[in-house]
Amino acid sequence: MEQYVKAGELEIWTEQVGDGPDVLLIGGLGDTVESWQFQLDGLADRYRMTAFDNRGAGRTAMPEGQPTVEAMADDAAGVLHSLGVSSAHVAGFSGGSIIAQELTLRHPDVVRSLVLQSTWSAMDDFMKTMIRAFHWQAELAPSERDFLEGFFIWVYTARAHNDGTVARFIEDAMAFPHKQSTEDFLADADACARHVTAGRLDGIKVPVLVLAGGVDRMSRPELGKAAADEIPGARFEVMEEEAHQPFQEVPDAWNSRVDEFWQGAERLRSRAAAS
């Protein structure tokens, strides 16, 4: 099922596939439903998977005014409400993981469990400098392909660059008809850079799995560990050979680990309901 759904005053492009316990997937900066294709294809036999284009990305328009993570978290809650989903396991990566954190804090009743891939609770100076570098890369790159080639150095492993995986991702991105504007990309990046959940994450009361890539230079493992340490009972795991987006580079391994976590969360939920 592919459709626009209403969230507040915004029409959000949404895809839903599969059958089973509900899962909501939240993408990162500029990423659309398609960024989760390996999960939509690989887990729909066990879960009802919902993904959507964040405001200002893909087929969802950017409203007037400066975007905020709080507004994007409310968008995510609105997607669930419009689809009649009372609660879901939520997974987010990078900027989407920050939206997922805020969703859980603002709308705790709609979140069954939380998977945070390549996350942080507050950007350090290194990461803030990286975001500023994205500005001039996006504004000054000679072409879209040049920008993607430079940006993806931060996103994928050297392995993926050398074996042709990144080249295929770039071709897919070049062919995608619903491109994000440079202005919207930078506005979303700035929203994530401004946002801080540090000091509030102890308010998350659902099962949480924090995953980091051991060679992720963008959301470095120590940033994910700092976030996990604030969340009561959160599990923190490092995929040692992976970078920022292992759910795309090694989707079978990622899907298997997350499936195991969701099954455990479902068992806890069933036991709690029976007691």
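See the structure shown above.
Each chain carries its own residue numbering, running from 1 in the written order of its sequence. pLDDT decides what is reported in this predicted model: residues at 70 or higher carry local features, side-chain atom pairs at 80 or more are listed and counted, and totals for whole chains, interfaces and linings draw on all residues regardless. The basis for the side-chain values is all heavy atoms of the structure; hydrogens and waters are excluded.

**Observations concerning the overall build of the protein chain**
Reasoning step 1: Helix and strand content of the protein chain: 11 helices and 8 strands.
Reasoning step 2: A compact globule built from 275 residues would reach a C-alpha radius of gyration of about 19 Å, and the protein chain, at 17 Å, matches this within 12%.
Reasoning step 3: Across its three principal axes, the protein chain shows a C-alpha extent of roughly 60 × 40 × 35 Å.
Reasoning step 4: The cut-offs for exposure are 20% and 50% of the maximum accessible area for each residue type, with area from a 1.4 Å probe on protein chains only; residues under the lower value are buried, those over the upper are exposed, and the others partly exposed. Taken over 275 residues, the protein chain has a buried fraction of 55%.
Reasoning step 5: What makes two residues a contact is simply this: any of their non-hydrogen atoms within 4.5 Å. Pairs at least 24 residues apart make up 77% of the contacts formed inside the protein chain by residues separated by at least 6 positions.
Reasoning step 6: We get accessible surface area from the Shrake-Rupley algorithm with a probe of 1.4 Å; when it comes to residues, only the shown protein chains can shield them. Just so you have it, the protein chain exposes about 11,700 Å², and 51% of that area is on carbon and sulfur atoms.
Reasoning step 7: Asp and Glu are treated as the negative residues and Lys and Arg as the positive ones, with His and the ends of the chain left uncounted. Lysine's charge is taken at NZ, arginine's at CZ, aspartate's at CG and glutamate's at CD. Counting 24 positive and 44 negative side-chain charges, the protein chain places the centres of these two groups 5 Å from one another. Numbering of helices and strands starts at the N terminus; helices are DSSP runs of H or I of at least 4 residues and strands are runs of E of at least 2. Only C-alpha atoms enter the radius of gyration; for comparison, a globular chain is expected to reach 2.2 Å times N to the power 0.38, where N is the number of residues.

**Here's the deal with the packing of aromatic side chains**
Reasoning step 1: What counts as a ring pair is set by centres within 6.5 Å for rings of Phe, Tyr and Trp (its six-membered ring), and what kind of pair is set by the plane angle: stacked under 30 degrees, edge-to-face over 60, tilted for all other angles. Here the structure, examined in full by the defined rule, presents 16 aromatic pairs.
Reasoning step 2: Centre to centre, the rings of Trp-36 and Phe-93 are 5.2 Å apart; their planes meet at 70°, and the pair counts as edge-to-face. In this pair, Trp-36 sits in the loop between β3 (22–26) and α1 (37–42) while Phe-93 sits in strand β5 (residues 88–93), placing the two residues 57 residues apart along the sequence.
Reasoning step 3: Through a chain of ring-to-ring contacts, the aromatic side chains of Phe-126, Phe-134, Phe-147, Phe-151, Phe-152, Trp-154, Tyr-156, Phe-169 and Phe-185 assemble into a single cluster.
Reasoning step 4: Placement of a positive charge over a ring is assigned whenever Lys NZ or Arg CZ falls within 6 Å of the ring centre and within 35 degrees of the normal to the ring plane. Its end group placed over the ring of Trp-154, Arg-217 keeps NZ or CZ at 5.1 Å from the ring centre.

**Points about the packing of helix α2 (residues 69–82) against helix α3 (residues 95–106)**
The relative placement of two packed helices comes down to the angle between their axes together with the axis-to-axis distance.
Reasoning step 1: Between α2 and α3, whose axes approach to 8 Å, the crossing angle comes to 70°. On the basis of their axis angle, the class for α2 and α3 is roughly perpendicular. Contact residues: α2 offers Val-69, Glu-70, Met-72, Ala-73, Asp-74, Ala-76 and Ala-77, while α3 offers Ile-98, Ile-99, Glu-102, Leu-103 and Arg-106.
Reasoning step 2: Lys, Arg, Asp and Glu make up the charged group, whereas Ala, Val, Leu, Ile, Met, Phe, Trp, Tyr, Cys and Pro make up the nonpolar group; the residues left over, Gly among them, are polar. Its residues assigned to classes, the contact of α2 with α3 comprises 8 nonpolar, no polar and 4 charged. Between N-to-C directions, angles cover 0 to 180 degrees, with each direction set by a line fitted to C-alpha atoms, over the stretch in contact for helices. The labels follow the angle: roughly parallel below 35 degrees, roughly antiparallel above 145, roughly perpendicular from 65 to 115, and oblique for the rest.

**Quick word on empty space enclosed by the protein**
Reasoning step 1: In this analysis the probe radius is 1.4 Å and the grid spacing 1 Å, with only protein atoms considered; a cavity is a set of points the probe fits into but cannot get out of, a pocket is an open set with protein on both sides within 12 Å along at least five of seven lines, and lining residues have an atom within 4 Å of a point. Grid points are joined across faces, edges and corners, and a volume is the space filled by probe spheres set on the points. Taken as a whole, this structure holds 2 cavities of 30 Å³ or more when the rule is applied.
Reasoning step 2: If you add up the space inside the largest cavity, you get close to 60 Å³.
Reasoning step 3: Here the lining of the largest cavity takes 4 residues from helix α4 (residues 125–140), the largest share from any one element.
Reasoning step 4: The residue inventory of the lining of the largest cavity, partitioned by class, reads 9 nonpolar, 2 polar and no charged.
Reasoning step 5: What lines the second largest cavity is Gly-27, Gly-28, Leu-29, Gly-30, Asn-54, Met-72, Gly-95, Gly-96, Ile-99, Asp-188 and Cys-192.
Reasoning step 6: Taken together, the residues that form the lining of the second largest cavity break down as 4 nonpolar, 6 polar and 1 charged.

**Topic: the environment of Lys-128**
Reasoning step 1: You can see Lys-128 is positioned in helix α4.
Reasoning step 2: The spacing of Lys-128 and Gln-66 is 62 residues in sequence and 18 Å in space, taken between C-alpha atoms.

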